[in-house]
Structure formats: structure tokens, C-alpha cells
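Examination of the molecular architecture
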Amino acid sequence: KATVSVLNCLQPRVADTSPYTRRTSSMASDPRSHTRVAFVMQLHEGHEEEYKERHDEIWPELKATLSAHGATNYSIFLHEATRMLFAYVEVTDMDKFAAIKDTLVCQKWWKYMDDIMEGEGTPEGGRQPKATPLREMFHMD
């Protein structure tokens, strides 16, 4: 089962050529183009409202870091029956986006979210939310 590193759904380790990311031909010719990235994560039972509250009060420095690393049009949805989180983000530069994992604010956010989400160890010995990339099956502009 493939997993990706995320900044609480924000930092997938998927290459721009992965089947889990898609660029349309019109995107490829536009220097401001975006790569669509989607993935799922698992929320622990009973923490739905806490998750929502933490994101309603997302840290300004985290938002600034996401923007600076090419994340735009970012949303997270909850499937209430399974507590599955579905994340969608458009990324202007996958290499830049991948560098989010090295920022202090990302690592602090992961630690902050670890008690309410399914997590996994990082190669550096830390913790991060566990995320599974999704393959795009259909898109319509």
C-alpha cells in the first residue's frame, strides 16, 4: 500500500509523473499550471470536531509556508461514517511542494496533529500523518 508524507494532508511524496497526479495538456503549456493531487488520511474516532477546530484556527505561518511552496485551492473533506479524510490540493511546483516536509512549521504541525490522526514514522525518526495517494480517474474543466 503506497503512502505519502504529508503536512497533515499537505505534503505528498509523489513525483510529478506519478499516476496519482495529473496535469492536463492546457496545464502543461501554462507556466502558472497546477498539478492536481488527492490523497486520503484516517482520523481517530471521536476527534472529528477537534480536527475541524484545529484547521479552523490554522497557524498563519503554516498557511504562508503552504502558499510559498506552491499549494493552492486546498480542501479537506470528511467521510463521517469511516472518519476518512479526503484531501485535494493544486500544486504549482511539485519539487517546491516536496520541500515543505523540511520546514520547522510542518514538523510542528505533524506533532500537533499526531494524537488525533493515524500516523507513521518518518525516515528521520519523527512522526507524520499517514496518507494514501489517489489516482485521478476523471476530470472535467
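Residues numbered from 1 in each chain as written. Predicted model: local features only at pLDDT ≥ 70, side-chain atom pairs only at ≥ 80, totals over all residues. Heavy atoms only, no water.

All right, on to the overall build of the chain then. Counting secondary structure elements, the chain contains five helices and seven strands. Counting from the amino terminus, helix and strand elements in the chain follow one another as β-β-α-β-α-α-β-β-α-α-β-β. Taken across its 141 residues, the chain has 40% of its residues classed as buried. For the chain, contacts bridging at least 24 residues in sequence account for 69% of all contacts bridging at least 6. (Helix = DSSP H or I, 4+ residues; strand = E, 2+ residues; numbered from the N terminus. Buried < 20%, exposed > 50% of the residue type's maximum accessible area, 1.4 Å probe, protein only. Contact = heavy atoms within 4.5 Å.)

Here the focus is the side chain of Gln42. Along the chain, the position of Gln42 falls in strand E3 (residues 35-42). There is a polar contact of 2.7 Å between the side chain of Gln42 and the backbone oxygen of Thr82. For Gln42, the contacting residues outside a window of four places in its chain are Thr82, Arg83, Met84, Met117, Glu118 and Lys130. (Polar contact = N/O pair within 3.5 Å; in protein donor to acceptor, adjacent residues only side chain to side chain.)

Our next topic: a nonpolar patch on the surface. Residues Met137, Phe138 and Met140 make up a contiguous nonpolar surface patch of roughly 450 Å² in combined accessible area. Residue classification places Met137 among the exposed residues on the basis of a relative accessible area of 65%. (Patch = residues over 30% accessible without salt bridge, like charges linked within 9 Å, V, L, I, M, F, W, Y side chains within 5 Å. Areas by Shrake-Rupley, 256 points an atom, 1.4 Å probe, with all protein chains shown as cover. Salt bridge = Lys/Arg side-chain N within 4 Å of Asp/Glu carboxyl O.)

All right, on to the pairing of strand E5 (residues 84-91) then. One ladder, built from eight bridges, connects E3 with E5; its direction is antiparallel. Paired with Ala38 across the two strands is Tyr88, which belongs to E5. Direction of pairing for strand E4 (residues 71-79) relative to E5: antiparallel, over a ladder of seven bridges. Looking at E5, one finds that Ala71 is bridged to Val91. In this antiparallel pair of consecutive strands, E4 and E5, the connection spans four residues, and Arg83 shows a positive phi of 60 degrees. (Pairing = 2+ DSSP bridges.)

Note that E3 and strand E7 (residues 127-133) share three bridges and pair antiparallel. Residue pairing across strands places Met41 opposite Ala131, the latter belonging to E7. Counted along the chain from strand E6 (residues 119-121) to the antiparallel partner E7, the turn is five residues long, and its residue Gly125 has a positive phi close to 95 degrees.

That's the geometry; what it means functionally is another story.
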